[in-house]
Amino acid sequence: MFGTDGIRGRAYRDVTPEIAARIGAAVVEIFRCTRVVLGHDPRVSSGDLVEGLRQGLGGTEVDLLGVAPTPAVAFCSAADGVPGIVVSASHNPYHDNGVKIFAPGGRKLSDSEQEAVAGALRSGVGAPGSPVSGVDAADRLESYLDAVAATVEPGAFEGLNLLVDGANGATSMLAPALLRRLGAAVRTVACEPNGRNINDGCGAATPSLIAARTRPGEIGLAFDGDGDRVVAYDRGLVDGDRIIALCGIDRNERGALTGSTVVVTVMSNLGLHRAMAAAGIDVVTVPVGDRHVLNALEAGGWDLGGEQSGHVVFRELATTGDGLLTAVQLLDVAVRRDASLGELAAASMKSHPQVLRNVTVAGDAAGVLERIQPAVQRARESLGEGGRVLVRSSGTEPLIRVMVEAAAEAEAAELAESLAAEVARRSG
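First, a word on what this report is: a plain description of the structure on this page. (Residues numbered from 1 in each chain as written. Predicted model: local features only at pLDDT ≥ 70, side-chain atom pairs only at ≥ 80, totals over all residues. Heavy atoms only, no water.)

**Side note on the overall build of the chain**
Scanning the chain from N- to C-terminus turns up 15 helices and 19 strands. With respect to the three principal axes, the spread of C-alpha positions in the chain is 60 × 55 × 40 Å. A buried classification covers 58% of the 428 residues belonging to the chain. Put simply, the chain shows about 16,400 Å² of open surface, and 49% of that area lies on carbon and sulfur atoms. (Helix = DSSP H or I, 4+ residues; strand = E, 2+ residues; numbered from the N terminus. Buried < 20%, exposed > 50% of the residue type's maximum accessible area, 1.4 Å probe, protein only. Areas by Shrake-Rupley, 256 points an atom, 1.4 Å probe, with all protein chains shown as cover.)

Here you go:
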């Protein structure tokens, strides 16, 4: 029921207003709450799912944030000590949708809380009733923007020229407004959501758009549909690994990286691990999903972690991954060091060739993974210490993801294609 980040699937088929109502009722039952903050991304199905949630949130006061980035909902949840709910399918296409839940205080659900919600849904809790009344709280997004802006000096980005790709999603209006407020000159692309164009050939999952549109002297920033991730472009892609490397090195040199440690996932490039070792920074590796990153950060008392995809967590500044906050922190490093972002990012780490392949599967993905283990083991043995192989099921889509790292791109590509073909054969 829960993937790596919330409940997600095809809108009106897998995630329906009726299911949303039951999720709302489960949140009330599990957290015994009398108030909830609720936001959504601009996809066409979000309004109906919001109405479904309101049917299940009987007896609660609902602050309706309207179209809001996921981290803005988490911010309000943290500020008020109440649960937060986001209707979004993040980087998925418009026809998908989903529900993300924050526990009181803006925290991602723990394993036990997730299971409690799932158990409540399985038990049939929450027969839909009349929609609970809501309070228009869209003005609270200004408080969120104020908090992000306060992490740097006023006017910190005077002289910067930026291109912002909003993925036609939840940050389309807010990101350009905040960056202009901090002094930058901003052009925009894919910042005109119509409900059906979210993530369509744009955003953090499709950085080729900012790569093609960013002009010399500009920095490109691409957010995903719900605004919890960002990647940058400056004469080359600055993905989550490079953001973590650059911010980690900068903070460590200033004595501001708690424990001289960063947390990353198994998808992070081998080059990041080697760059951190050279900089005297320890790396803790966790499974895919920013929830795992957050858990490790909290358990270790560390501050910085994230994923190659652009989910980056600054734990002392936010309770969850935040694309806009990450963009502000990244730009601040370049400004304070008086150097181009592209040069700093290139110097922060040397990436090893990494080839990714996604294979659509129907049915038992776990069984497919088990059946291909001999092929995976042969690939690992052929690479030895010079590379890595990771084959896993997606937590958000009906896919098995194949990742191969090697010293040479041709070798990585050959192994990845071979493993992808084996996955397809074994899932037939």
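**Some thoughts on the environment of Leu64**
As for its placement among the helices and strands, Leu64 is situated in strand β3 (residues 61-67). If near-sequence neighbours (up to four positions away) are discounted, Leu64 is found in contact with Leu38, Arg54, Gly134, Val135, Asp136, Ala137 and Ala138. (Contact = heavy atoms within 4.5 Å.)

**Here's the deal with the side chain of Thr60**
Among the structural elements, Thr60 can be located in the loop between α2 (46-56) and β3. In this structure the side chain of Thr60 is engaged in a polar contact, spanning 2.6 Å, whose partner is the backbone oxygen of Leu57. Non-local contacts of Thr60, meaning those with residues more than four positions away in its chain, are made with Val28, Cys33, Thr34, Arg35 and Val132. (Polar contact = N/O pair within 3.5 Å; in protein donor to acceptor, adjacent residues only side chain to side chain.)

**What about the packing of helix α8 (residues 240-253) against helix α11 (residues 323-337)?**
Two elements in contact, α8 and α11, have axes separated by 10 Å at closest approach and are oriented at 55°. When the axis of α8 is compared with that of α11, the two are oblique. With respect to the hand of their crossing, α8 and α11 are arranged in left-handed fashion. Each of Ile243, Leu246, Cys247, Ile249, Asp250, Arg251 and Glu253 in α8 lies in contact with α11, whose residues at this interface are Thr326, Gln329, Leu330, Val333, Arg336 and Arg337. A class-by-class count of the residues in the contact of α8 with α11 yields six nonpolar, two polar and five charged. (Axes fitted to C-alpha atoms, helices over the stretch in contact; angles between N-to-C directions. Parallel < 35°, antiparallel > 145°, perpendicular 65-115°, else oblique. Left-handed = near helix turned anticlockwise from the far one by under 90°. Nonpolar A, V, L, I, M, F, W, Y, C, P; charged D, E, K, R; others polar.)

**Describing the sheet that holds strand β8 (residues 161-165)**
Spatial ordering of the open sheet is given by β9-β8-β10-β11-β12, a layout of five strands whose pairing is mixed. Because the sheet does not close on itself, it has two edges, and the strands there are β9 (185-189) and β12 (237-238). One ladder, built from four bridges, connects strand β10 (residues 219-223) with strand β11 (residues 230-233); its direction is antiparallel. Across the sheet, the residue bridging to Ala222 is Val231, located in β11. Contacts between helix α6 (residues 174-181) and the sheet are confined to β8, β9 and β10, with β9 contributing the most and set at about 170° to the helix. (Pairing = 2+ DSSP bridges.)

**Observations regarding the nonpolar core**
Ranked by size, the top nonpolar core spans 65 residues in total, and within it Phe157, Leu162, Leu179 and Leu221 carry the most contacts. Ranked by residues supplied to this core, first place goes to α11 with eight residues. Not counting residues up to four positions away in its chain, the partners in contact with Leu221 are Leu162, Leu163, Val164, Asp165, Leu179, Ile210, Val230, Val231, Ala232, Ala327 and Leu331. Val15, Ala26, Leu49 and Ile101 belong to the second-largest nonpolar core, a separate cluster that totals 27 residues. (Core = buried A, V, L, I, M, F, W, Y, C linked by side-chain atoms within 4.5 Å.)

**Description of the state of the cysteines**
Under the defined criterion, the tally for this structure stands at zero disulfides. Cysteine Cys33 shares no disulfide, and the gap to the nearest cysteine sulfur, in Cys76, comes to 15 Å. Its relative accessible area of 11% is what places Cys33 among the buried residues. Left unpaired, Cys191 is separated from the closest cysteine sulfur, that of Cys202, by 8.9 Å. Residue classification places Cys191 among the buried residues on the basis of a relative accessible area of 8%. (Disulfide = S-S within 2.5 Å.)

**Comments concerning the sheet that holds strand β19 (residues 399-405)**
Strand order in the open sheet made by the three strands is β17-β19-β18, with antiparallel pairing throughout. With one partner strand each, in any of the chains shown, β17 (354-360) and β18 (388-393) form the two edges of the open sheet. The mean angle between the axes of side-by-side strands here comes to 10°, regardless of whether they run parallel or antiparallel. Note: β17 against β19, seven bridges, orientation antiparallel. Pairing of Arg357 across the sheet is with Val402, part of β19.

**With respect to the layout of surface pockets**
For the largest pocket, the calculated volume is near 980 Å³. Taken together, 40 residues form the lining of the largest pocket, with Arg229, Gln308, Ser309, Leu356 and Arg401 sitting closest to its centre. Its residues assigned to classes, the lining of the largest pocket comprises 12 nonpolar, 17 polar and 11 charged. Roughly 260 Å³ of internal volume is contained in the second largest pocket. (1 Å grid on protein atoms, 1.4 Å probe; cavity = no way out; pocket = protein on both sides within 12 Å on 5 of 7 lines; lining within 4 Å. Points joined across faces, edges and corners; volume = space filled by probe spheres on them.)

**Details of the pairing of β19**
With seven of seven residues buried, β19 is to be regarded as a mostly interior element. Bridge count for β18 against β19 is six bridges, and the pairing is antiparallel. Its bridge partner lying in β19, Val389 is registered against Val404.

**Considerations on the packing of helix α1 (residues 17-31) against α2**
Where α1 contacts α2, the two axes come as close as 6 Å, and the packing angle between them is 40°. The orientation of α1 relative to α2 falls into the category oblique. Classified by chirality, the crossing of α2 by α1 is right-handed. Seen from α1, the contacting residues are Pro17, Ala20, Ala21, Ile23, Gly24, Ala25 and Val28; seen from α2, they are Asp48, Leu49, Gly52, Leu53, Gln55 and Gly56. Considered class by class, the residues forming the contact of α1 with α2 number eight nonpolar, four polar and one charged.

Any link to function would need more than the numbers given here.
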